[in-house]
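Breakdown of the fold
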Number of protein chains: 4
Amino acid sequence: MWKIPMIIVNFKLYRQSSGINAPLLLDIIQKVREERGVEIVAALNSMDLTALHEKYNVPMILQHVDAVDFGAHTGKLNLVVAKERGAEGLLINHSERRLTIADIDILISQARKMNMVSVVCANNPRVSGALAFLAPDFIAMEPPELIGGDISVSKARPETITETIEAVKSVRDISVLVGAGIKNREDVKRAIELGAQGVLIASGVVKAKDPYGALNDLVEGMI
Amino acid sequence: MWKIPMIIVNFKLYRQSSGINAPLLLDIIQKVREERGVEIVAALNSMDLTALHEKYNVPMILQHVDAVDFGAHTGKLNLVVAKERGAEGLLINHSERRLTIADIDILISQARKMNMVSVVCANNPRVSGALAFLAPDFIAMEPPELIGGDISVSKARPETITETIEAVKSVRDISVLVGAGIKNREDVKRAIELGAQGVLIASGVVKAKDPYGALNDLVEGMI
Amino acid sequence: MWKIPMIIVNFKLYRQSSGINAPLLLDIIQKVREERGVEIVAALNSMDLTALHEKYNVPMILQHVDAVDFGAHTGKLNLVVAKERGAEGLLINHSERRLTIADIDILISQARKMNMVSVVCANNPRVSGALAFLAPDFIAMEPPELIGGDISVSKARPETITETIEAVKSVRDISVLVGAGIKNREDVKRAIELGAQGVLIASGVVKAKDPYGALNDLVEGMI
Amino acid sequence: MWKIPMIIVNFKLYRQSSGINAPLLLDIIQKVREERGVEIVAALNSMDLTALHEKYNVPMILQHVDAVDFGAHTGKLNLVVAKERGAEGLLINHSERRLTIADIDILISQARKMNMVSVVCANNPRVSGALAFLAPDFIAMEPPELIGGDISVSKARPETITETIEAVKSVRDISVLVGAGIKNREDVKRAIELGAQGVLIASGVVKAKDPYGALNDLVEGMI
């Protein structure tokens, strides 16, 4: 399993971080990861992860996998293929790819059996507590209205971080990550002071003018 | 563009044709393709296509791509990344992955601009005629109730093939493929005699005890 | 069938036009309809239509019906129940409730058999042409980016109206309605001059300070 | 609130219980409810509930409501309209109409504020425990593979009932209903002995040759 605290960089489907550009961001992540000795995980789309996982010393997870077994499922992926093609784990139920609770349950169970890391996303403290019952490896709470924005969850909603951790811990001892609008070391530092064990970040690094500088600054907040 | 008549082998997410087993079927397709000089295209999931497209001399398309541009689309793929990672085209609207007509329109338009091959699936002659208006490269008609079954569309519904071709041609001159339950040379031969320019096949090859024999038999019907 | 030209007022789920407020808008529609002798159709949610259809002399259609027969379909409605509960027809594939082309085909076919009016929505001229092949009673084209906005399709995209009518007529002789941002008599007049046989309107009437005045003004453009 | 133990009859969209036939089943439910003095709740589609709620002395809930506020939501219903049109509560996340966990959370919260009864469905003990954290009024657990079948959850999976109740109670004290395949008094009796506070039933009553006899038999198991 990964070291804690940690940063998950969600590449989403930004032009700056997908297809032919994915290596640019992975180069930076690998560099910062090695220079600073902190844990940084990359959440990639299925094609980029397949193409690049052997070329980097960076843990890679998928942004989504379907909750299906093998069979007549045209256009879908499952966790077995995901693992055979290099994924160490997966994001589940990201705000931009929400799932039914039945499918979340299937994916967390499958991941556990296959020794893959499950990071399930939640949109508020209540949903975080509910998902804790399903025992994923990580719960990543992001208020949807702050995702991609300029104000971080750490500044705009510190009490939401506290409530999420309380809700989760009341059910099960699971590591909590937080995200949405996180931009700098202060945001990360505050999140960790409030009890989070890491952050989920996308535009704050991917769309930064200087992604290397941005990522380094975030890492400062972890130490 | 591909030669006509042709066979598209849809690998779906069968255990026999996905992940570590995908090369087994690709070996067979490449062999038959070269021995017989006929066009055979493979429709793969996104991870297998990425991993294998450089290793085979077989045209490869994706089973599904999302109708989105670059942006905050966690867990999705678009056609630009698909092309950068090796896809020559895509299946659109397969019966196991149906899309809104707005998204079908976007994908066909995007594929045309990017010089990728669009194969749009339809479940009956009416829908085939409607989709012809959107000008994809191919229309693949499969009656859903026959997919994966033992009776082929050629035997059970020859009139549906005729009606599909008439519907499509009344709108635009687009090549028509047919599928569902196709198993042997007779099925292929009949489809082509009725005016189809190829077949879409999955379980008939993937789940055959002897996929090489099965594919060779299908090819016989094309010649 | 309804008189042409016509106005369809889509009540959507606005507070001003739903539940206890639906009668306020229906009173206005009934009044204008009788005073001016023009055709105005109301598209209601399923509960309001059921409660109110016997109390008004206004044709009422549903905003959505599921493409299913009778059976184990918890939480769904079909056209048989819709008709038994008072619906004269239905909107299909509205931009806020998009459907697969397979389901659009089913709903149009079912409506025809049951002698109910089908109004299928399209987001551009290409999709309008494709849907014409399925032979609905009306095609209502609305550019999604103008829906609910301040600039009407008639002013911002007159060429889109012309192209839609050409696309539809090249396939089949079906009445075309247009919508999105329509606010006043000029918008309606221009749409009809360009060949449309009516308009689809929502916020322009529902959210107007004076819905009676707004609807009367629209009617002016029809005469 | 309703008396306990109780039976919820899910009318689904069966021909025998929908549209013009809905009153036949409601007559029976009302009769048994009054004769036996037990709680029986009817889960109807939106149109039948609207048309019939004032004509019967039977608590009625909807089979599904959308997790939206008022606004531009063509083809959707929300809980405010549902209440204004007669619904006392709603089923949430039935196996035939699964929802994202974000939407389940919204609907349970809305129902609580509006003093409506929330019955959230779960497909196994784990999901039941997770949903308990969201504090609905009832959790109804149904193994999907037994729904509509001939073997009841009470006979085929008694341990699943026990595990569900344990999972729920470990989180919060919420009443648990069970369903799937329930046919007779033995099935109901066993479920209640195992700790359930009622059953969810559909085909066992709706499709019975003698629905009055079938419902009476189920009631025997409650007493």
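Look above for the structure.
Residues numbered from 1 in each chain as written. Chains lettered and ligands numbered in written order. Predicted model: local features only at pLDDT ≥ 70, side-chain atom pairs only at ≥ 80, totals over all residues. Heavy atoms only, no water.

1. Quick word on the sheet that holds strand β2 (residues 39-44) of chain C
What holds strands together in a sheet is hydrogen bonding between their backbones, with the strands either parallel or antiparallel. Residue and element names in this part refer to chain C. Applied cut-off: Any two strands are treated as partners once DSSP identifies two or more bridges connecting them. Comment: elements are numbered from the N terminus, with helices defined as DSSP H or I runs of at least four residues and strands as E runs of at least two. Only the stretch in contact is used when a helix axis is fitted, and all axes are lines through C-alpha atoms; the angle between N-to-C directions ranges over 0 to 180 degrees. Contacts are assigned to residue pairs that have any heavy atoms within 4.5 Å of one another.
Pairing within the closed barrel is parallel, and its eight strands lie in the order β1-β2-β3-β4-β5-β6-β7-β8. The average angle at which neighbouring strand axes cross in this sheet is 25°, direction not considered. Examined bridge by bridge, strand β1 (residues 6-10) and β2 share five bridges and lie parallel to one another. When the bridges of β2 are listed, Met-6 appears paired with Glu-39. Running at roughly 165° to β2, helix α1 (residues 22-36) makes contact with β1, β2 and β3 (60-62) of the sheet.

2. Details of the environment of Ser-154 of chain B
Residue and element names in this part refer to chain B. Definition in use: Exposure categories follow from relative accessible area, calculated using a 1.4 Å probe and restricted to protein chains: below 20% of the type maximum is buried, above 50% is exposed, and the middle band is partly exposed. Contacts described as polar in this section are N or O atom pairs within 3.5 Å, which, within protein, must combine one atom able to donate a hydrogen with one able to accept it, while residues neighboring in sequence count only if both atoms come from side chains.
Within the secondary structure, Ser-154 sits in helix α6 (residues 153-156). Judged by its relative accessible area of 2%, Ser-154 is buried. For the pair Ser-154 and Ala-82, spaced 72 residues apart in the sequence, the C-alpha separation amounts to 33 Å. Apart from the residues lying within four places of it in its own chain, the contact partners of Ser-154 are Ile-161, Ile-182, Asp-187, Arg-190 and Ala-191. At a separation of 2.7 Å, a polar atom in the side chain of Ser-154 contacts the main-chain carbonyl oxygen of Asp-187.

3. Some thoughts on the interface of chain A and chain B
To keep it simple, the criterion reads: Accessible-area loss on putting two parts together, using a 1.4 Å probe and summing over both, is the definition of buried area adopted here. Take a side-chain nitrogen of Lys or Arg and a carboxyl oxygen of Asp or Glu: if they are within 4 Å of each other, that pair is a salt bridge.
Contacts between the two partners involve 41 residues from chain A, matched on the other side by 40 residues from chain B. Each partner contributes to the roughly 3,200 Å² buried at the junction of chain A and chain B, and carbon and sulfur atoms together form 62% of this total. Applying the counting rule to chain A against chain B returns four salt bridges. With a closest N to O distance of 3.0 Å, Glu-84 of chain A and Arg-15 of chain B form a salt bridge. Counting every contact that joins chain A to chain B gives 21 residue pairs in polar contact (both at pLDDT 80 or more).

4. Points about the arrangement of the chains
No part of chain A reaches chain C; the closest C-alpha pair between them is 16 Å apart. No interface is formed between chain B and chain D, the nearest pair of C-alpha atoms being 16 Å apart.

5. Digging into the packing of helix α5 (residues 125-132) of chain A against helix α7 (residues 158-171) of chain A
Residues and elements named next belong to chain A. Here is the rule we go by: Should an angle lie under 35 degrees it is considered roughly parallel, over 145 roughly antiparallel, and from 65 to 115 roughly perpendicular; all remaining angles are considered oblique. Should the near helix be turned counterclockwise from the far one by less than a right angle, the crossing is left-handed, whereas a clockwise turn marks it as right-handed. Under the convention adopted here, Pro, Cys and the residues Ala, Val, Leu, Ile, Met, Phe, Trp and Tyr are nonpolar, Asp, Glu, Lys and Arg are charged, and Gly plus all remaining residues are polar.
Look at α5 against α7: their axes get within 8 Å of each other, and the N-to-C directions meet at 25°. As summarised for this structure, α5 and α7 are arranged roughly parallel, according to the angle between their axes. For the element pair α5 and α7, the recorded crossing hand is right-handed. On α7, the residues that touch Pro-125, Ser-128, Gly-129 and Ala-132 of α5 are Thr-160, Glu-163, Thr-164, Ala-167, Val-168 and Val-171. In terms of residue class, the contact of α5 with α7 is made up of five nonpolar, four polar and one charged.

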